[in-house]
Amino acid sequence: MIFVTVGMHYQGFERLIKMMDEIALELDEKVVMQIGHTKYEPINADWFRFIKKDEVIKDLINKSRLIIAHGGAGTILTILLERKPMIIVPRLKKFEEHFDDQQIELAEVLVNFNGVSVIYDVDYLKEEITRLGKNTNIHFEIRADLIHYLRRTVGE
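Residues numbered from 1 in each chain as written. Predicted model: local features only at pLDDT ≥ 70, side-chain atom pairs only at ≥ 80, totals over all residues. Heavy atoms only, no water.

A. Spotlight on the pattern of salt bridges. Throughout the structure, instances matching the rule amount to seven salt bridges. With a shortest N-O distance of 2.8 Å, Glu-29 and Arg-65 are connected by a salt bridge. One end of the pair, Glu-29, is in the loop between α1 (14-26) and β2 (31-34); the other, Arg-65, is in the loop between α2 (54-63) and β4 (66-69), and 36 residues separate them in sequence. Each member of the pair, Glu-29 together with Arg-65, is buried. Its salt-bridge partner being Lys-63, residue Asp-59 comes within 3.1 Å of it at the nearest N-O pair. (Salt bridge = Lys/Arg side-chain N within 4 Å of Asp/Glu carboxyl O. Helix = DSSP H or I, 4+ residues; strand = E, 2+ residues; numbered from the N terminus. Buried < 20%, exposed > 50% of the residue type's maximum accessible area, 1.4 Å probe, protein only.)

B. Focus on the nonpolar core. Formed by 23 residues in total, the largest nonpolar core has its most connected members in Val-4, Met-20, Ile-68, Ile-87, Val-89, Leu-125 and Ile-129. Secondary structure elements with two or more residues in this core: β1 (2-5), α1, β2, β4 and α5 (125-132). It is α1 that provides the largest number of residues to this core, a total of six residues. Listed in part, the 21 residues of the second largest apolar core include Phe-3, Ile-61, Ile-76 and Val-118. (Core = buried A, V, L, I, M, F, W, Y, C linked by side-chain atoms within 4.5 Å.)

C. Broad picture of the packing of aromatic side chains. Applying the stated rule across the entire model yields one aromatic pair. Judged by centre distance (6.5 Å) and plane angle (15 degrees), the rings of Phe-3 and Phe-48 are stacked. Placement of Phe-3 in strand β1 and of Phe-48 in strand β3 (residues 46-48) is noted, with a sequence separation of 45 residues between them. Each member of the pair, Phe-3 as well as Phe-48, carries the same accessibility label: buried. (Phe/Tyr/Trp six-rings, centres within 6.5 Å; stacked < 30°, edge-to-face > 60°.)

D. Quick peek at α5. Those residues of α5 that sit buried are Leu-125, Glu-128, Ile-129 and Leu-132. Seen along its axis, α5 keeps its buried residues to an arc of 100 degrees; they face one direction. Among the exposed residues of α5, those pointing more than 90 degrees away from its buried face are Glu-127, Thr-130 and Arg-131. Tucked inside the fold, the buried residues of α5 contact β1, α1, β4, β5 (86-88) and β6 (116-118). Positive backbone phi, approximately 60 degrees, marks Gly-133, located one or two places after α5. (Arc of directions from axis to C-beta. Contact = heavy atoms within 4.5 Å.)

E. Geometry of the environment of Ile-17. Tracing the chain through its elements places Ile-17 in helix α1. When its relative accessible area of 0% is taken as the criterion, Ile-17 is described as buried. Here the alpha-carbon distance between Ile-17 and Ile-35, two residues 18 residues apart in the chain, equals 6.9 Å. Apart from residues no more than four positions distant in its own chain, Ile-17 is found in contact with Val-4, Val-6, Met-33, Gln-34, Ile-35, Thr-38, Tyr-40 and Pro-42.

F. Just the packing of α1 against α5, in detail. Running from N to C, α1 and α5 point in directions that differ by 50 degrees, and their axes come no closer than 10 Å. When the axis of α1 is compared with that of α5, the two are oblique. Here α1 runs over α5; the crossing is right-handed. Seen from α1, the contacting residues are Leu-16, Met-19, Met-20, Ile-23 and Glu-26; seen from α5, they are Leu-125, Lys-126 and Ile-129. Taken together, the residues of the contact of α1 with α5 sort by class into six nonpolar, no polar and two charged. (Axes fitted to C-alpha atoms, helices over the stretch in contact; angles between N-to-C directions. Parallel < 35°, antiparallel > 145°, perpendicular 65-115°, else oblique. Left-handed = near helix turned anticlockwise from the far one by under 90°. Nonpolar A, V, L, I, M, F, W, Y, C, P; charged D, E, K, R; others polar.)

G. Up close: unusual backbone geometry. The residue Arg-83 is not glycine, and still its phi comes out positive at about 60 degrees. Positionally, Arg-83 belongs in the loop between α3 (73-81) and β5. At Glu-96, a position not held by glycine, the phi torsion is positive, near 60 degrees.

Okay, here's the thing in structure tokens:
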């Protein structure tokens, strides 16, 4: 399963959800999307807007072979602690997906981290999913400095 999450931000993430819905039609595996405030509703994948219990999100992450996520620190921290491979697609100000480009800054910190891919143009999303294949045997080096940075960013 592939799990896509866009977080709780008040602006939608049409660009990611529309592209992933197109890709889901071509995949031979289940896709589940948390779409938040995105107006577009997927037709080729299971989806929901929000879930109040963090345990449900963690369960979806654990059951997934790959997570595609916005560049929010809380989401990334959760995925890293669960040691799951992810593709980060930062929300971009120029597409009115966020009020600034702070997610780019965090993505740039993680771009060379084992098990993490970063793409800015969703036209390359299918290619990146294919490149990663179904390999779930990714060695994660949980770096204390990175975890501390992320926790500080989300205010834990």
